[in-house]
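Read off the chains here:
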Amino acid sequence: MSTSNQGILASFDYLDSAVGAIQGLRRAGFKKKSIQAFAPVPEHDLEHAMGYGQSPVRVFALVGALTGTATGFALAIFTSMDWPLVTGGKPIVSIPAFVVIAFELTILFGALSTVIGLFINTRLPNIKPLEVYDPQFSAGRFGVYVSAAPDRVGEARKILTDREPAELREDPEGVGHV
C-alpha cells in the first residue's frame, strides 16, 4: 500500500458550494497546505474559507517607504555636510530643502519593496507548472483540490460529495494529474 498522498478535484457550479466544501474540509482537520481553491474571478469568500488573513505585502511597502525616507534625508544631509555651501548665512543642514528627495525615495523604495514582497509571498517565479488546473475554472466554475493521506481520502470524498459537485475526479498518485 502506498503512503503517498492522493488527490481529489471537485468542480462546483456555485460559489457557496465550494466555500462550504472548503469549510467542511478545514473543520475535518485538513491543513491549508493540502487544499487548493480555483475560481474564475477573485472571491473574498474563498479566501476567508481558506483561512487567509491580511496580506503581509503591506508590511514590505511600509518598511520600504520608511527606509526610503531615511535614505533620502541621510543622502541629502551627507551631501550637504561633505560639500558645504554657505549661502547668506543659512544653515548647511536645512530639513525643508531635503523633503523633496526624501519624498521621492519614499515612493521609489516603497514601490520596489512592494514588488519584492509580492514576489516573495506569491513564490514567483513558479518553476513547476500547475498541473491540476481545469479550463472550466476560467469559464465560470469553482474548483477545490484536496490532497490527503490514503486513510483520509474517503473522508475528503464524502465532504466534497455532500456539497454536490458538478464533477469529481480522483488522482490516485496525488501528483496533480487529474
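Cut-offs used in this document
- Residues numbered from 1 in each chain as written.
- Predicted model: local features only at pLDDT ≥ 70, side-chain atom pairs only at ≥ 80, totals over all residues.
- Heavy atoms only, no water.
- Axes fitted to C-alpha atoms, helices over the stretch in contact; angles between N-to-C directions.
- Helix = DSSP H or I, 4+ residues; strand = E, 2+ residues; numbered from the N terminus.
- Left-handed = near helix turned anticlockwise from the far one by under 90°.
- Nonpolar A, V, L, I, M, F, W, Y, C, P; charged D, E, K, R; others polar.
- Core = buried A, V, L, I, M, F, W, Y, C linked by side-chain atoms within 4.5 Å.
- Buried < 20%, exposed > 50% of the residue type's maximum accessible area, 1.4 Å probe, protein only.
- Contact = heavy atoms within 4.5 Å.
- Salt bridge = Lys/Arg side-chain N within 4 Å of Asp/Glu carboxyl O.

(A) Fine view of the packing of helix α3 (residues 57-82) against helix α4 (residues 95-121). The interhelical angle for the contact between α3 and α4, taken along N-to-C directions, is 145°, at an axis separation of 6 Å. As α3 runs across α4, the sense of the crossing is right-handed. In terms of residue class, the contact of α3 with α4 is built from 16 nonpolar, 13 polar and no charged.

(B) Structural detail: the nonpolar core. Counting 22 residues, the largest nonpolar core has Phe12, Leu25, Phe30, Ile35, Val144, Val146 and Leu160 as the members making the most contacts within it. Elements represented by at least two residues in this core include exactly β1 (6-12), α1 (15-27), α2 (44-50), β3 (142-148) and α5 (153-162). Sorting elements by how many residues they give to this core places α1 first, with six residues. Excluding residues within four positions of it along the chain, valine 146 makes contact with Gln6, Gly7, Ile8, Leu25, Phe30, Ser34, Ile35, Ala156 and Leu160. Membership of the second largest hydrophobic core comes to five residues, among which are Phe38, Val132, Phe137 and Tyr145.

(C) Here's a closer look at unusual backbone geometry. In this structure, proline 125 follows leucine 124 across a cis peptide bond, with omega equal to -5°. You can see proline 125 is positioned in the loop between α4 and β3. Here arginine 123, not a glycine, exhibits a phi torsion of approximately 55°, which is positive. With respect to the secondary-structure elements, arginine 123 resides in the loop between α4 and β3. A residue is classified by how much of its surface remains accessible, and arginine 123, at 67% relative accessible area, is exposed.

(D) Highlighting the pattern of salt bridges. In total, this model carries seven salt bridges according to the counting rule given. Of the charged contacts in the structure, one is a salt bridge between glutamate 167 and arginine 141, with a shortest N-O distance of 3.8 Å. Of this pair, glutamate 167 sits in strand β4 (residues 167-171) while arginine 141 sits in the loop between α4 and β3, placing them 26 residues apart in sequence. Judged by its relative accessible area of 31%, glutamate 167 is partly exposed. With its nearest N and O atoms 3.2 Å apart, the salt bridge here joins lysine 158 to aspartate 162.

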